[in-house]
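Structure at a glance
The residues making up each chain are set out below.
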Amino acid sequence: MLRIASLTTAAFLFAGAAYAAPIEARISYGDLDLSSRAGAMAFDVRVQRVARNLCTGRLPIERLSCRDKVRDEAMSLLPERARTEYARGRVAFEA
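Conventions and cut-offs
Residues numbered from 1 in each chain as written. Predicted model: local features only at pLDDT ≥ 70, side-chain atom pairs only at ≥ 80, totals over all residues. Heavy atoms only, no water. Salt bridge = Lys/Arg side-chain N within 4 Å of Asp/Glu carboxyl O. Helix = DSSP H or I, 4+ residues; strand = E, 2+ residues; numbered from the N terminus. Buried < 20%, exposed > 50% of the residue type's maximum accessible area, 1.4 Å probe, protein only.

On to the pattern of salt bridges, then. According to the stated counting rule, one finds four salt bridges in the structure shown. Across the pair Asp-31 and Arg-46 runs a salt bridge whose closest N-O atoms are separated by 2.8 Å. Of the two residues, Asp-31 sits in the loop between strand S3 (23–28) and helix H1 (37–54) while Arg-46 sits in helix H1, which places them 15 residues apart along the sequence. Residue classification places Asp-31 among the exposed positions, given a relative accessible area of 55%. Among the residues examined, Arg-46 registers a relative accessible area of 19% and is labelled buried. Note that Arg-81 is salt-bridged to Glu-85, the shortest N-O span being 3.2 Å. Highlighted residues: Arg-81 and Glu-85, both in helix H3 (residues 80–94), separated by four residues, approximately one helical turn. Given the relative accessible area of 65%, Arg-81 is considered exposed. What you see here is one network of salt bridges that share partners, running through Asp-44, Arg-71 and Arg-90.

On their own, these measurements won't tell you what the molecule is for.
Here it is in structure tokens:
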């Protein structure tokens, strides 16, 4: 589960049955212009860094799945306006 806390995305991931408590990671984005290529890329780097940290110690296939889940959750909990700006930045990035 992810929550939005002010200008920070807080990620709460359950690492599995072996862990009773959720793991928290914060992905800040308030300092980024997500509508720009640089801002969208910087957000992607932050999400990837958090995903790498949260998904260590797993089998390779589990690690890939975990990283995808972190990214999906981070994106789904961005406010709608931030997601729209990020989409614009990604288009600029891919152009």
